[in-house]
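Read off the chains here:
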Amino acid sequence: MASREVVDYMRGNKLNDRLLKKLKITLLSVNAVINDAEEKQFRSPLVKEWLHELKDAVYDAEDLWDEIATQALQCRLEAKSGSTISQVLKQLSSLRVLNFEQIKPKLEEILDRLEFIAKQKNVLGLKNSAGEKQSWKIPTTSLVEESEVYGRDDDREDIINLLLSDDSNGNNICVVPIVGMAGIGKTTLAQVVYNDERVKEHFEFAAWICVSEEFDVCRLTRTVLEAVTSISCDIKDLNLLQLKLKENLTGKKFLLVLDDVWNESYTRWEALRRPFNSGGQGSKIIVTTRNENVASVMRTVPIHYLKQLTDEDCWLLFAKHAFENGSTDAHAILEGIGRDIVKKCKGLPLAAKTLGCLLRFKQDAEEWDKILRSDIWEFSDDESNILPALRISYHYLPSHLKRCFAYCSIFPKDYEFKKEQLIQLWMAEDLLQHPKKNKRMEEVGDEYFHELLSRSFFQRSGGENLCFVMHDLINDLAKFVSGELCFRLEDANSQEISEKTRHLSYVMALEDLFKRFEIFYKAKCLRTFLPLYLPDEFYCLSNKVQHDLLIKLKCMRVLSLSNYHSISELPDSIGELIHLRYLDLSRTLIKRLSESVSTLYNLQTLKLAYCYRLRQLPMGMHNLINLRHLDINGTCVEEMPTQMSKLESLQTLSTFIVGKEKGIKIGELGKLSNLRGTLCIKKLKNIVSANDACEAKLKDKKYLEGLDLEWGYGNTDDSKRERYVLEKLVPHTNLKKLQIHNYGGTRFPDWLGDHSFCSMVSVSLNNCGNCFMLPPLGQLPSLKQLSIEGFDGVVTVGPEFYGNGSQPFLSLEILKFSWMSAWEEWCSFGFEDELIRAFPRLQELHIESCQSLIGSFPKTLPSLRKLVIEYCEQLVSPLPKAPAIRELELVKCDMVVLQELPCTLHSLKMKGCQFVVESLLKEISTQIQACPRRLDISDCSSLISFPGGCLPTTLSFLSIKNCEKLEFPVQPYHASLEHLLIADSCESLRSFPLDFFPKLNSLTIGRSRSLRLLSVSEGPRQVLTSLTYLKIQGCLNFVSFPRGGLSAPNLSDLWVVGCENLISLPEQMHVLLPSLRELRVSGCPKLELFPEGGLPSSLSSLYIGDCNKLIAHRMNWNLKSLPLFSFGISGECENMKLFPEEELLPSTLTYLSIFGLSSLETLDGRGLQHLTSLRTLIINGCPGLQSMPEEGLPMSLVELIIRRCPLLRERCRREKGEDWPKIAHISCIEIEDDSTS
């Protein structure tokens, strides 16, 4: 409302600003009582409803205001544009011109509604205050019942060890902070430590202070003094109090616990701490807080983060309070329900204790089940201590953080989200306060995020992708405070969406039918449409959703269709979503973006990553002046739109493509001074003059972290020009990562390798075939990763590589050389007897496909853990001494000189190194300590035996490939082997004794011409409890599994492929293989029947291929009773004209694949119609198949793929084929190369 541009625009259109002033005053009046309402909503449903009505009205006002602001922006852009472009803009945006006669009544209606809501605040007793300073919790004391503490032994010992340590760290007083979310057990841990006898004996005295929310230095000083002296104190003067306290502490070693601290002010803490510094050496203070910022202000040692309990520890705590004496012996049914209840607690001891107390002495299973199905927010404060504990965290959030936190309720429980994406969503929803001068919106969002993280609303997930999660109870809190405004579509709540709903998310299904989205029409003012997906899956979305539903949701600000592989285009009407700020189409099959996207003037984030069919961006992209993030990485875009330099708001630009003579110049990057993250510049060969490269002003882009320079494929026609271009492309010295591809110059400019690039951690130089020397990269002090590939002109790597530093490559951890065909010699640095060597921290060294390399290596690499040498057949140099090595991989380098194996070696892989393999195996057999746990041997055709005729005793993983003459040692007992793969090897192996390998988890034997059977010893049935995976493939003479059956209760996958003489699968499969999930049988022509008793009832996936006799007896398979989800069939099957017969397949099937049935003519409609769960049908290579069944395909089907079926293809042609009406209801249809969705 403060925008002068918008106000002037409205006045220019004769809209009275009296309404604007009135609106402003009304909003200010309700804003004054917001904090009070936020607090009281937890206890008063009426206040909660009032608050949601207010938010809904404000959303309506925001939408109207945004519409006016967008119109003002459009007019300004049209005024600035040239006549031609202006006409295009007018045509594209003609449908959205505002009628100010219509705006006035809308504004008046919103104002009336807000005024009515504002009047109700007095009726509800809402006060103009920052909220009542009321504490929801009883003050804590030092007393604890230790029998109720579970799962904290390690935490207790860690804290006690810190307390008992008298090591001085330069501070007079040591402060130990314990940090964790509400209810995690911080206070309990402090109590346990406080009462430990070792601690009591160590300190002269100890005091416990419950600080809580108000950090009054005078009050706290008085409380500490009273605790120290055990005498009540009436002194009110802070100076006198602190002098008295100092007098009582001087020279005494004490322990002080400050429990539940909320203060973030260093000044206040410093004022309170002064008397404590007079204590004796070794005095300690324990601080408990749920806010990391508090701990950072006070700590002198690293923060101790308290993690969630295990489910088992949570259960013990729950049972302690739920059952008399904690015993569940007489309550088996309740124990089962109770353990499910405990899982809802997600490791939070307060939740486990509270729910246990709630159920104490209740013996009715229905009562327990009711608690299991209840939402934690349905309990009253009297019933639950969880709510007040979590509520106080929310209460002390500033209002701007409350909105951001509430928005996070769109994430399902356990969903891992990334910080950058969440900040972009907050920004799109206008949840971030407008930054002050010189601060970016993203920086504001980053501050908000870290504030919520530090207050334990977010937690770091355990994965490697730097993701975050919310604890389930925190998620429940977000859902409660967001109310109807945020909605997560789940199977059980599809009808609960409200007209007030503004933010929507849902977990994508592999095939999303339109029926699932029909309820969204109700939420006409929806702002967020956010599908959430699992990686590495392919999803389909009904065409009607994008062409009908989404374009009717005119208030949309966030629209994501990412990972829907059925989307190949967006309707032109996408331009009508004028509020849109975040558009994510990444990983779709979109081919073009409508030009109307160029009129989405509010767009901030556009994600098109890995849309590999996308070749062109809209011509008018330069109109998106608010665009801040553009990601086209992994697309096939060949050229950038013109005037990209106008996008001065851009913060991240994944890729910039230099145009040819009349195309976009690299100089367009010059004005984009705020770029961050990683920038890839492609087709640098199109730069005509080095001066053009200078205009990109890369040296001024001090925020860039990564730079990728690509010249493009093909030989250069001017290597000197390319060198001059690279000289001018010097980046800022803040750069962290640099990649250069296909550079055609003969040498690198001086800036590459200059020590001033002190932040550079990663360099990759690829396919610079004309360069005859490497740059002095050894001078980069922070370089950790270096990859050099495709330097065909380099003969020697020597002093020029190390540079002028005293110890080159000081920080390097990973070094890779590959595809350097002319490289002959690697000269070491300095003299052999020098203590100062290069690569002191190198952990991985890869040298691959350097066929001319003879030597030599650095003599010693003290930190090396992994060494890989591949296809260096001339290499005769001794390998470096590497006392810490864990992995060694040698491929086609049989002349390399090996020294003794260190005892640290864990994995050894050797391929095509006959001499090396024999010598190493011999050494392994004589040195017990140098036995690796993993051994891979391949392509050693003359290798005959393992030394001593037995396997290394420590081996847990063994892979043998293409070693035909090698005898596999079948020793009576091998206790450690867990994984075994034998392929094209061990031709003398006729029988494999499974019970000789009791820990064997997976076994694969492939293409063994002599293997005839798998066996077990005679006598009592041998149970193979460890075996979970078994694959026999291409063993033409394999005829038998163990007599009496294969007793493997945990076997989940069984593959029998290409065993031409096999007559029978394992006997008694239905009994002896109770865990079998997947069975694949193919290429077994003599196999006629499944074993007596049929297949295991656990089977969920079955594939039968090229087993004509077995398929001929398919009506005896008795599959109908199995819980199959996936079934596939293939083969010639000359007599199979009809498939699938009625009653053949179970109704549970969701995936059906029919492949290569050359004689198939008809699909049996009756056999298909009862497959009511079928979602995917694939028909491939059935040339005789004439038509779809008259009954049609199951209505549940959402994906149909037809390939190499010429007759069927014609009949199923879109809207023209005779069978099209039979399949038109299917969301995703792919026929040959044509896809329909």
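Residues numbered from 1 in each chain as written. Predicted model: local features only at pLDDT ≥ 70, side-chain atom pairs only at ≥ 80, totals over all residues. Heavy atoms only, no water.

**Comments concerning the environment of Thr-288**
- Tracing the backbone through its elements, the reader meets Thr-288 in strand β4 (residues 284-289).
- In this structure, the C-alpha to C-alpha distance between Thr-288 and Phe-487, residues 199 residues apart in sequence, is 35 Å.
- If sequence neighbours within four positions are ignored, Thr-288 has contacts with Ile-178, Lys-186, Thr-187, Ala-190, Leu-258, Asp-259, Asp-260 and Val-261.
- Polar side-chain contacts of Thr-288 include one of 2.8 Å to the backbone nitrogen of Asp-260. (Helix = DSSP H or I, 4+ residues; strand = E, 2+ residues; numbered from the N terminus. Contact = heavy atoms within 4.5 Å. Polar contact = N/O pair within 3.5 Å; in protein donor to acceptor, adjacent residues only side chain to side chain.)

**Topic: the pairing of strand β22 (residues 737-741)**
- Where strand β21 (residues 704-710) lies against β22, five bridges are found, and the strand directions are parallel. Residue pairing in the sheet places Gly-706 in a bridge with Lys-737 of β22.
- The parallel pair β21 and β22, bridged by helix α25 (residues 719-728), forms a crossover whose chirality is right-handed.
- Across five bridges, β22 lies against strand β23 (residues 762-766) in parallel orientation. Across the sheet, the residue bridging to Leu-738 is Val-763, located in β23. (Pairing = 2+ DSSP bridges. Right-handed = clockwise from strand over helix to strand, strands pointing away.)

**Here we look at a nonpolar patch on the surface**
- Together, Ile-854, Val-876 and Met-895 make up an exposed nonpolar region whose accessible area comes to about 240 Å².
- Topologically, Ile-854 is positioned in the loop between β28 (844-848) and β29 (866-870). (Patch = residues over 30% accessible without salt bridge, like charges linked within 9 Å, V, L, I, M, F, W, Y side chains within 5 Å. Areas by Shrake-Rupley, 256 points an atom, 1.4 Å probe, with all protein chains shown as cover. Salt bridge = Lys/Arg side-chain N within 4 Å of Asp/Glu carboxyl O.)

**What to know about the nonpolar core**
- Counting residues in hydrophobic clusters, the biggest one holds 229 residues, and the most contacted among them are Phe-529, Ile-681, Ile-740, Trp-826, Phe-968 and Phe-992.
- A per-element tally of this core places helix α27 (residues 914-926) first, with five residues.
- Core analysis: the second largest hydrophobic core is formed by 86 residues, Leu-255, Cys-345, Ile-386 and Tyr-394 among them. (Core = buried A, V, L, I, M, F, W, Y, C linked by side-chain atoms within 4.5 Å. Buried < 20%, exposed > 50% of the residue type's maximum accessible area, 1.4 Å probe, protein only.)

**As for the side chain of His-629**
- Within the fold, His-629 resides in strand β17 (residues 629-631).
- A polar atom in the side chain of His-629 sits 2.7 Å from the side chain of Thr-652.
- Those residues within four positions of His-629 in sequence are excluded, and the remaining contacts are Gln-424, Met-427, Glu-442, Gln-604, Thr-605, Leu-606, Leu-650, Gln-651 and Thr-652.

**Overview of the sheet that holds strand β1 (residues 174-179)**
- Pairing is parallel in the open sheet, where five strands are placed in the order β2-β3-β4-β1-β5. Looking at the sheet topology across the chains shown, the edges are occupied by β2 (205-212) and β5 (304-305).
- As defined by bridge partners, strand β3 (residues 254-261) adjoins β4 across four bridges and the pair is classed as parallel. Among the inter-strand pairings, Val-257 is bridged to a residue of β4, identified as Ile-286.

**Quick look at the pairing of strand β24 (residues 785-789)**
- Where β23 meets β24, five bridges bridge the pair, whose relative direction is parallel. The residue of β24 that forms the bridge with Ser-762 is Gln-785.
- In this sheet, strand β26 (residues 814-818) lies alongside β24 in parallel orientation, the contact comprising five bridges. Directly across from Gln-785, in β26, lies its bridge partner Ile-814.

**Points about the pattern of salt bridges**
- Going through the model one piece at a time under the given rule, you end up with 53 salt bridges.
- Lys-40 serves as the salt-bridge partner of Asp-36, at 3.1 Å between the closest nitrogen and oxygen. Here Lys-40 and Asp-36 lie together in helix α3 (residues 34-40), a separation of four residues that amounts to about one turn.
- Judged by relative accessible area, Asp-36 falls into the buried class, the value being 0%.

**Describing the sheet that holds strand β7 (residues 459-460)**
- As summarised here, the arrangement of the three strands in space is β6-β8-β7, forming an open sheet in which the pairing is antiparallel. Bordering the open sheet on either side are β6 (417-418) and β7, each of which pairs with just one other strand.
- Across two bridges, β6 lies against strand β8 (residues 467-469) in antiparallel orientation. By the bridge assignment, Lys-418 is partnered in β8 with Cys-467.

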